[in-house]
Amino acid sequence: FTPIGGQEWVVVASGQAFPDALGAGPMAAFLEAPLLLVPKSGTLPSAVAGEIDRLKPNNIMVVGGPGAVSNSMVGQLAQHAPLNQTYTIDGANRYDTAAQTSEGFDPEVTGVPVFVGSGVDFPDALGGGAAASILGGTLLLTTPTKLPTETAAALKRLTPTKVFVLGGTGAVSNTVFNQVKTAVGSAVPVGRLGGTNRFDTAAKVSK
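Throughout what follows, the structure given in this document is the object of discussion.

What counts, and where the lines are drawn
Residues numbered from 1 in each chain as written. Predicted model: local features only at pLDDT ≥ 70, side-chain atom pairs only at ≥ 80, totals over all residues. Heavy atoms only, no water. Pairing = 2+ DSSP bridges. Helix = DSSP H or I, 4+ residues; strand = E, 2+ residues; numbered from the N terminus. Axes fitted to C-alpha atoms, helices over the stretch in contact; angles between N-to-C directions. Contact = heavy atoms within 4.5 Å. Buried < 20%, exposed > 50% of the residue type's maximum accessible area, 1.4 Å probe, protein only. Phe/Tyr/Trp six-rings, centres within 6.5 Å; stacked < 30°, edge-to-face > 60°. Lys NZ or Arg CZ within 6 Å of the ring centre and 35° of its normal. Parallel < 35°, antiparallel > 145°, perpendicular 65-115°, else oblique. Nonpolar A, V, L, I, M, F, W, Y, C, P; charged D, E, K, R; others polar.

Ordered in space as E2-E1-E3-E4, the 4 strands form an open sheet in which the pairing is parallel. This sheet does not close on itself; its edge strands, each paired only once, are strand E2 (35–38) and strand E4 (86–89). Pairs of neighbouring strands in the sheet enclose a mean axial angle of 30°, with direction left out of account. Strand contacts of helix H1 (residues 19–30): strand E1 (9–14), E2, strand E3 (59–63) and E4, with the helix running at about 165° to E1, the strand carrying the most contacts.

This part takes up the environment of Gly50. Examined against the element boundaries, Gly50 turns out to sit in helix H2 (residues 46–55). The exposure class assigned to Gly50 is partly exposed, which follows from its relative accessible area of 39%. Sequence separation between Gly50 and Glu32 is 18 residues, and the spatial gap between their C-alpha atoms is 19 Å.

Moving on, we get to the packing of aromatic side chains. In the structure shown here, the tally under the stated rule is 3 aromatic pairs. Taking 4.7 Å as the distance between ring centres and 20° as the angle between the ring planes, the aromatic pair formed by Phe115 and Phe164 counts as stacked. Remark: Phe164 occurs in strand E7 (residues 163–166) and Phe115 occurs in strand E5 (residues 114–118); sequence separation between them is 49 residues. Phe115 sits in the buried class, given a relative accessible area of 2%. Sitting over the face of the ring of Phe18, Arg94 holds its NZ or CZ atom 5.9 Å from the ring centroid.

So, about the sheet that holds E7. If you walk across this open sheet you meet the 4 strands as E6-E5-E7-E8, and the pairing is parallel. Edge strands, defined here as strands with exactly one partner in the open sheet, are strand E6 (138–142) and strand E8 (190–193). In this sheet, adjacent strand axes meet at a mean angle of 25° when their direction is disregarded. Across the sheet, helix H6 (residues 149–158) touches E5, E6 and E7, and the angle it forms with E6 is around 155°. Where helix H7 (residues 174–184) meets the sheet, its contacts fall on E6, E7 and E8, and the angle it forms with E8 comes to roughly 150°.

Next up on the list: the packing of H1 against helix H4 (residues 94–101). When two helices pack together, their arrangement is given by the angle between the helix axes and by the axis-to-axis distance. At a minimum axis separation of 9 Å, H1 and H4 run at an interaxial angle of 10°. Compared by their axis directions, H1 and H4 come out roughly parallel. Mapping the contact onto sequence places Pro19, Asp20, Gly23, Ala24 and Met27 in H1 and Arg94, Thr97 and Thr101 in H4. In the contact of H1 with H4, the residues fall into 3 nonpolar, 3 polar and 2 charged.

If you want it as structure tokens, here you go:
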């Protein structure tokens, strides 16, 4: 990834826990930014520090609160951005963080495709995040049995062109599927991309 005259944004998420990085991927694509990973605490890895220095970003966006990326780590990141221009997306939980991450698409972009995947396991959302990035869409997370209020609110705000629910009923139940349909309204098509296993689901997302 080679910047031209300095990178505008660099997006950073935890490399030790998966949820925040899932939503950070499509947002990084929207910002035309790389996604870098850091530990929760300790010393900023030299490889990450060196890459940020090479990119010379004007801004660093950290996705996740202190429970995922500590204040100390954010402070170390800030030392590599002009004027300490480091921002954080810190939701009350992983679902809220993903919902807040999707705000990067509004109001600049409305009517985007939205992918909804399980926030308790990562495989389905990995493929969905890549597809969302290609389509200019975003990724939201849900529990397997109940649509979080933060996710429902984001679905309404984003006014999606269509919604893809990722995974079979074991990953995202039909109850959640119907709650997604209620959140977006009858005019928005909602479909499921679910296979017999995570490998089959990823293949279906690819199609």
